[in-house]
Amino acid sequence: MSYDLNFWKYKPGVMLVHQHTYECLSDGQTVDGLEDLPVDRMLARIGEVFGDWARLSMDTWEGQKGSFQVFVTEQFFRVDCYGMDGEDINKVIDVAAEFGCPLYDPQVGVRYDRG
């Protein structure tokens, strides 16, 4: 089973239609009202957290409990998970949260903003 996890950060005071934002970002577009993300630092942190997983390429990791592939732009951090368990999926979500990026889940149409 595959599952995609999507992250971006709104500028202060900005709130857009999440599904539309997701669609634009997925197409590689830039969206007014979003912060640029420190994607290099985010990828480095993913590498630390999943240090015991094999890194097959710059954007693909594989472990005993599944694999994932990362897609990034200046404003978007997306992780496509394949066969991963909930614990490992939560690790990805926690890394994005460290950078102020809550999860948007297009499978249910919900963005999990805190506060």
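Residues numbered from 1 in each chain as written. Predicted model: local features only at pLDDT ≥ 70, side-chain atom pairs only at ≥ 80, totals over all residues. Heavy atoms only, no water.

J.: How do you make sense of helix α2 (residues 39-49) when you look at a structure like this?
T.: Because the α-helix completes a turn every 3.6 residues, residues three or four places apart line up on one side. Buried residues of α2: Val-39, Met-42, Leu-43 and Ile-46, and no others. For α2, the buried positions fall inside an angular range of 100° around the axis, keeping them on one side. More than 90 degrees from the buried face of α2, the exposed residues found are Asp-40, Arg-41 and Glu-48. (Buried < 20%, exposed > 50% of the residue type's maximum accessible area, 1.4 Å probe, protein only. Helix = DSSP H or I, 4+ residues; strand = E, 2+ residues; numbered from the N terminus. Arc of directions from axis to C-beta.)

J.: Help me understand the sheet that holds strand β2 (residues 54-57), please; the structure alone is not making it clear to me.
T.: By way of backbone hydrogen bonds, the strands of a sheet pair with one another, either parallel or antiparallel. Ordered in space as β2-β3-β4-β5-β1-β6-β7, the 7 strands form an open sheet in which the pairing is antiparallel. Looking at strand neighbours, the two that pair on one side only are β2 and β7 (110-111), the edges of this open sheet. Relative to strand β5 (residues 77-82), strand β4 (residues 66-72) is paired through 6 bridges, and the arrangement is antiparallel. By the bridge assignment for β5, Ser-67 is matched with Tyr-82. Along the sheet, α2 contacts β3 (60-63), β4 and β5; its crossing angle with β4, the most-contacted strand, is approximately 170°. The sheet contacts of helix α3 (residues 86-98) involve β1 (2-7), β5 and β6 (103-105), and relative to β1 the element is tilted by about 10°. (Pairing = 2+ DSSP bridges. Contact = heavy atoms within 4.5 Å. Axes fitted to C-alpha atoms, helices over the stretch in contact; angles between N-to-C directions.)

J.: Explain helix α1 (residues 18-26) here, please?
T.: Residues Thr-21, Tyr-22, Cys-24 and Leu-25 constitute the buried set of α1. Taken around the axis of α1, the buried residues stretch over an arc of 165°, which confines them to a single face. Its buried side turned inward, α1 meets β1, β4, β5 and β6. Just past α1, the residue Gly-28 takes up positive phi, approximately 85°.

J.: Would you mind going over the environment of Leu-56 with me for this structure?
T.: Take Leu-56: it is sitting in strand β2. Under the relative-accessibility criterion, Leu-56 is labelled exposed at 51%. Sequence separation between Leu-56 and Ser-67 is 11 residues; the distance between their C-alpha atoms is 9.8 Å.

J.: How should I be thinking about the packing of α2 against α3 in this particular structure?
T.: Relative orientation and spacing of two packed helices are given, respectively, by the angle between their axes and the distance between those axes. Where α2 meets α3, the closest approach of the two axes is 10 Å, and the angle between their N-to-C directions is 145°. Classified by chirality, the crossing of α3 by α2 is right-handed. Side by side, α2 and α3 meet where Met-42, Arg-45, Ile-46 and Val-49 of the first sit next to Lys-91, Val-92, Val-95, Ala-96 and Glu-98 of the second. Grouping the amino acids of the contact of α2 with α3 by side-chain chemistry returns 6 nonpolar, no polar and 3 charged. (Left-handed = near helix turned anticlockwise from the far one by under 90°. Nonpolar A, V, L, I, M, F, W, Y, C, P; charged D, E, K, R; others polar.)

J.: It is not clear to me how a nonpolar patch on the surface should be interpreted in this structure. Could you clarify?
T.: A surface patch of nonpolar side chains, about 260 Å² in accessible area, is lined by Val-108, Val-110 and Tyr-112. Looking at where Val-108 falls in the secondary structure, it is placed in the loop between β6 and β7. (Patch = residues over 30% accessible without salt bridge, like charges linked within 9 Å, V, L, I, M, F, W, Y side chains within 5 Å. Areas by Shrake-Rupley, 256 points an atom, 1.4 Å probe, with all protein chains shown as cover. Salt bridge = Lys/Arg side-chain N within 4 Å of Asp/Glu carboxyl O.)

J.: Whenever I open this one, the state of the cysteines confuses me. Can you help?
T.: Think of a disulfide as a covalent bridge from one cysteine sulfur atom to another cysteine sulfur atom. Per the counting criterion, the structure on display carries 0 disulfides. Sulfur of Cys-81: no disulfide; nearest cysteine sulfur belongs to Cys-101 and is 16 Å away. (Disulfide = S-S within 2.5 Å.)

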